[in-house]
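Okay, here's what each chain looks like letter by letter:
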Amino acid sequence: MRLRRPHFLFAALCAATVVTACSDDIPTASGEDAFPPQGRASTFDVLLSADSLTVEVGRFSDYTGPGDAAYLIVADDFGGVLDAHALVRFTDAPQSVQFSSGGTTFIDTAFVYAPGNLIARVDTSASAAAGTVLQLWAVGQEWSPANTTWERATDSTLWQEPGGTRAELLSEASATPSAGDSVLLPLDSAQVARIADPDFPGLLLTARGAPGRVRLTLAGLATALRPASRTDTTIAQTLMQGPRTFIFTPEPPRSVGAWEAGGIRSARTLFRLRIPDRISACGDPPPTSCGTVALEDVTVNSASLLFTPVPVPGGFGPLGTTTLALRSVFEPGLGRAAPLGPLVTDQRFVGAATVFAQGRLAPGDTVVAIPIGQYLQSVARADSTAVTLALLGEPEAASFGVAWFQPAARLRIVYTLPSRTPLP
Amino acid sequence: MRFAVRGVCLLVTLSALNSPLAAQSLLAGSGLGLPGEALDARAAALGGVGLGLAGTSFSLVNPAFSARLPAPAIVATFQPERTRSDFAGSESDFSTSRFPLITVAAPLAGRWGASIGYGAFLDQNFAFQRSDSLELAGERFLVRDTVRTSGGVARFRLAGSYAAGERFSVGAGIDLFTGSRVVNSVRFFTPLDSLGVATPLLPDAGRTEWEYDGVGVNAGVEWSPRNGVILAAAGSGGGTLDATPVGDTLAQAASYSLPLALHAGGSARLTSAATVALAGRWKGWSRADEDLRDSGGARDEWGVSGGVEYDPPSSGTRSFPLRVGARYTALPFRRGAASGDFDFPAERAITAGAGARFARGAASIDLAGERGWRGDAGAGVDESFWRASLSLTLFGR
């Protein structure tokens, strides 16, 4: 269908309008003089530390153990108390070796191992390893990864020697990596062959020398295979670890009054937060008596619960960075079984890898601030006066050390008073 | 009838598509805003002469125009504009586009006519911003405040007209004022201490909205004392413009007196091809001076416009008139500031344009270009602008 010319012109006008109508710029004037005085917002911050702000509901622990950790801990007299040993077994040793020669692939079930290295990657930021030496032992008796403890090899047998029965010493190396983050524990070919034997009970990693606590992961046993049919051929091979765990003594201490969070036992503290329903209309400290304003009427720009760390005895304090989280608590009356709700989080500040509502406790920190801004605003607008929260480490068992805090939190609020630009 | 229905549908559609009032000037932040005239491109090219023109003229000035219409008509005017503004020594450019006028008109039985129009009245699109620094929670932050006002007032005119003779017509109607004003206030925080780990602060945002409504009346006459000469006068006024807050119990309502507006103008054919047009207008905005006392006050708006149209005789069914003009307007609102009020601003413009009529006058396109200046240093705002107007008229023959 052909448009008649007037209709075509009108359609062209409409099309041009649609295209150009999207290009509006708003005239904007800058400067103090131009700005309407009534439109200026007022932002303040206050620090609330009343004793009644937080009330402890309970402290709970023993939710997780070494089997839940993605790392191993080796310690020797750390903090004057803590000893920890790592146990590992290699179960995927090859049954044959495959190689190519002259374009032909050969498989040989007869082969020998070359010398190798057990590769331990040390998390230096979460370790205190100066002067500490790692020792690698053959385990002297069978053990069960799921049930072993410092005293027990399995659920029905004790270690002949607490901390794991040692056979012979296989290797040792400084726990401080000379380069990068890897510590190499050298093994000769016979030791490698023994470790690869399915009947080998496993390896025990201990520490000696200066007291230390080392957090590490094992990257495998790097070795090589030589086929019996071609002894001049060497094929690189890394034996990957099978079952592994660590055992330690004593158990993490329980605090007398401090709040606990995180650690290998995933300690958590439940507390009740009383939310003020009104807040100063002119910040803190108020220069003059200026009255108060309802919290639900202000914009909470940020709010943080401030926790003050206290020392943890017995070498169980946090090393490196600990991620702390606050979660809402459903049915706090259930105590240690109280189900946890969602993170007390501000979705607008969720980063690529870090949830904003978590706080981080780094060595030397005197205060840990956990932001709860949007949560606080939503709770205030829901007319709630108190909520129960759980302070815990996340992910569970992500760090070995437990964090302790003074048994009260302070609340810092940065807020902006409502402002309205009136009609002329 | 079908044409009229289509016309009304088009009017509603275009009204929704784009505001009759888009951002035009920093002076939109003075008083009740920047007054706008609902003119078609022909009137714009003639310096703003919106009444007393020979032939058809659809500007929302004189309700008597529809009595002389040969057929139902739809007119839409599209107006892009680019403005350079010097405010407190800082220059900024902005551009916009809008529909200052959409009109549907038709002759009725006998000597009657009717029109429905939607056009500009007050522009209130502007923003202010400022920066400061604050220490909060032990950190220093750069604070940026922005107050952005958007909206304005548009006039919806319903009018009827009557041709009392070959040379005299009258018209009258009602003006429904409508629109809104939305004020968004935002405060952003940016940490200034790049070495520290500053606590992120959520921005503060507030929104207040008012709806405008008001009712006025309008009337006008058009008289052709002899061939080639047309004189016209029109007026509007009455009532108040009420601003009612929407969903905000803390915002205040307000009411402003609508001005009495008087227009007079005419055109005279000087030669067979040339016509001169002149117009003057006065709007009694000083009625609102008391209402606006805290924001600079108000004075009466007045303006003069003039232009020449050259429409050479052409063979066939097409014609291509050329136009030039100029105008001067004393604007009614000025910037108020804590340090004292600025001078009332004025707007000057020179204009030019052309038209083209097709299909025995069944359709026409009119174009206008304007080069204008508003305010000066004494007014606190010094602006220059380029503005184009494009009107397309379709007759339902």
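Residues numbered from 1 in each chain as written. Chains lettered and ligands numbered in written order. Predicted model: local features only at pLDDT ≥ 70, side-chain atom pairs only at ≥ 80, totals over all residues. Heavy atoms only, no water.

Asks: Help me out: how do you make sense of helix H3 (residues 373–381) of chain A in this one?
Replies: An α-helical turn contains 3.6 residues, so any two residues separated by three or four positions project in the same direction. All names here are of chain A. Those residues of H3 that fall on the buried side of the exposure criterion are Gly373, Tyr375, Leu376, Gln377, Val379 and Ala380. Packing partners of the buried residues in H3 comprise strand S21 (299–307), strand S23 (322–329), strand S26 (368–371), strand S27 (386–393) and strand S29 (410–417). Positioned one or two residues after H3, Asp383 has a phi angle of 65°, which is positive. (Buried < 20%, exposed > 50% of the residue type's maximum accessible area, 1.4 Å probe, protein only. Helix = DSSP H or I, 4+ residues; strand = E, 2+ residues; numbered from the N terminus. Contact = heavy atoms within 4.5 Å.)

Asks: So what exactly am I meant to see when it comes to the sheet that holds S29 of chain A here?
Replies: Strand pairing within a sheet occurs via backbone hydrogen bonds; the two strands may be parallel or antiparallel. Residues and elements named next belong to chain A. The strand order S2-S29-S21-S26 describes an open sheet built from 4 strands, whose pairing is antiparallel. A single partner strand is all that each edge strand has here, and the edge strands are strand S2 (42–48) and S26. Shown here is a sheet whose adjacent strand axes are inclined to one another by a mean of 20°, direction ignored. Here S21 runs beside S29; their pairing, made up of 7 bridges, is antiparallel. Each residue of the ladder has a partner; that of Val300, found in S29, is Tyr415. Across the sheet, H3 lies against S21, S26 and S29, angled at about 115° from S21, the strand it touches most. (Pairing = 2+ DSSP bridges. Axes fitted to C-alpha atoms, helices over the stretch in contact; angles between N-to-C directions.)

Asks: Where do I start with the state of the cysteines in this structure?
Replies: Any covalent bond linking the sulfur atoms of two cysteines counts as a disulfide. Residues and elements named next belong to chain A. A complete count under the given rule lists 1 disulfide over all chains for this structure. Across a sulfur-sulfur distance of 1.8 Å, Cys282 and Cys290 are joined as a disulfide pair. Taking the sign of the S-S torsion, -80° for the link of Cys282 and Cys290, the bridge is left-handed. For Cys290, a relative accessible area of 30% puts it in the partly exposed group. (Disulfide = S-S within 2.5 Å.)

Asks: Help me understand a nonpolar patch on the surface, please; the structure alone is not making it clear to me.
Replies: Together, Leu260, Leu262, Trp282, Trp302, Val304 and Tyr328 of chain B make up a nonpolar patch on the protein surface, roughly 530 Å² of accessible area in all. With respect to the element layout, Trp302 of chain B can be found in strand S14 (residues 301–310). (Patch = residues over 30% accessible without salt bridge, like charges linked within 9 Å, V, L, I, M, F, W, Y side chains within 5 Å. Areas by Shrake-Rupley, 256 points an atom, 1.4 Å probe, with all protein chains shown as cover. Salt bridge = Lys/Arg side-chain N within 4 Å of Asp/Glu carboxyl O.)

Asks: Just checking my understanding: could you explain the nonpolar core for this structure?
Replies: Most often, soluble globular proteins have nonpolar side chains that are buried together. All names here are of chain A. Leu118, Leu203, Leu216, Phe246 and Phe400 are the most contacted members of the largest nonpolar core, which has 53 residues in total. Phe400 has contacts with Tyr71, Ile73, Leu82, Arg213, Arg215, Phe246, Phe248, Gly263, Ile264 and Phe316, leaving out every residue within four places of it along the chain. If you look at the next biggest cluster of nonpolar residues, it comprises 35 residues, including Ile279, Ile370, Ala380 and Leu389. (Core = buried A, V, L, I, M, F, W, Y, C linked by side-chain atoms within 4.5 Å.)

Asks: Just checking my understanding: could you explain the sheet that holds strand S22 (residues 309–310) of chain A for this structure?
Replies: Residue and element names in this part refer to chain A. As summarised here, the arrangement of the 3 strands in space is S17-S28-S22, forming an open sheet in which the pairing is antiparallel. Since the sheet does not close on itself, it has two edges, and those belong to strand S17 (259–261) and S22, each with one partner. Pairing of S22 with strand S28 (residues 403–405), which is carried by 2 bridges, proceeds in the antiparallel orientation. Following the sheet pairing, Val310 is matched in S28 by Trp404.

Asks: Honestly, the confidence of the model for chain A in this entry has me stumped. Any pointers?
Replies: It should be kept in mind that the predicted coordinates are not to be read in detail where pLDDT is low. A residue-level look at chain A finds 88% of positions with pLDDT of 70 or above and a mean pLDDT of 85. In the model, residues 346–358 of chain A has pLDDT below 50 throughout and makes 30 contacts with residues more than four positions away in sequence or in other chains. (pLDDT = per-residue confidence, 0-100.)

Asks: Would you mind going over a negative patch on the surface with me for this structure?
Replies: Residues Asp277, Glu296, Asp297 and Asp383 of chain A make up a contiguous surface patch of negative charge. Tracing the sequence through the fold places Asp277 of chain A in the loop between strand S18 (268–274) and strand S19 (278–280). (Lys, Arg positive; Asp, Glu negative; His and termini not counted. Charge placed at Lys NZ, Arg CZ, Asp CG, Glu CD.)

Asks: Please explain unusual backbone geometry as it appears in this structure.
Replies: Negative phi values dominate among residues other than glycine, just as trans dominates among peptide bonds. Residues and elements named next belong to chain A. The omega torsion of the bond from Thr249 to Pro250 falls at -5°, within 30 degrees of zero and hence cis. Looking along the chain, the bond that leaves Glu394 and enters Pro395 is cis, with omega of -10°. Note on placement: Pro395 falls in the loop between S27 and S28. Backbone geometry at Ser266 places phi at a positive 55°, although glycine is not the residue there. Assignment of secondary structure puts Ser266 in the loop between S17 and S18.

Asks: I tried to follow the packing of aromatic side chains on my own but got confused; where do I start?
Replies: Here the distance between the centres and the angle between the planes together describe a pair of aromatic rings. All chains considered together, the criterion is met by 24 aromatic pairs over all chains. Plain terms: the ring middles of Phe248 of chain A and Phe400 of chain A are 5.5 Å apart, the flat faces sit at 90° to each other, and that makes the pair edge-to-face. You can see Phe248 of chain A sitting in strand S16 (residues 241–249) and its partner Phe400 of chain A sitting in the loop between S27 and S28, a full 152 residues away along the chain. You'll find Phe248 of chain A and Phe400 of chain A in the same group, each marked buried. When the ring of Trp285 of chain B is compared with that of Phe333 of chain B, the centres are 5.1 Å apart and the planes differ by 65°; the resulting orientation is edge-to-face. Here Trp285 of chain B, found in the loop between strand S13 (274–283) and S14, pairs with Phe333 of chain B, found in the loop between strand S15 (322–330) and strand S16 (346–358); they are 48 residues apart in sequence, far enough to count as distant. Aromatic rings pair up to connect Tyr71, Phe246, Phe248, Phe316 and Phe400 of chain A into one cluster. Lying over the aromatic face of Trp143 of chain A, Arg89 of chain A brings its terminal NZ or CZ to 4.6 Å of the ring centre. When the ring centre of Tyr63 of chain A is taken as reference, the NZ or CZ atom of Arg336 of chain A above it lies at 4.4 Å. (Phe/Tyr/Trp six-rings, centres within 6.5 Å; stacked < 30°, edge-to-face > 60°. Lys NZ or Arg CZ within 6 Å of the ring centre and 35° of its normal.)

Asks: Looking at this model, I keep getting lost on the pattern of salt bridges. Mind explaining?
Replies: Pairing is possible between side chains of opposite charge, provided their charged atoms come close. For the structure on display, the rule yields 39 salt bridges over all chains. Linking Arg268 of chain A and Glu396 of chain A is a salt bridge whose minimum nitrogen-to-oxygen distance equals 3.2 Å. Here the residue Arg268 of chain A occupies a position in strand S18, and Glu396 of chain A occupies one in the loop between S27 and S28, the gap between them amounting to 128 residues. Its salt-bridge partner being Asp175 of chain B, residue Arg157 of chain B comes within 2.7 Å of it at the nearest N-O pair. Highlighted residues: Arg157 of chain B in strand S6 (residues 139–163) and Asp175 of chain B in strand S7 (residues 168–191), separated in sequence by 18 residues. Across this residue pair, the class does not change: Arg157 of chain B and Asp175 of chain B are buried.

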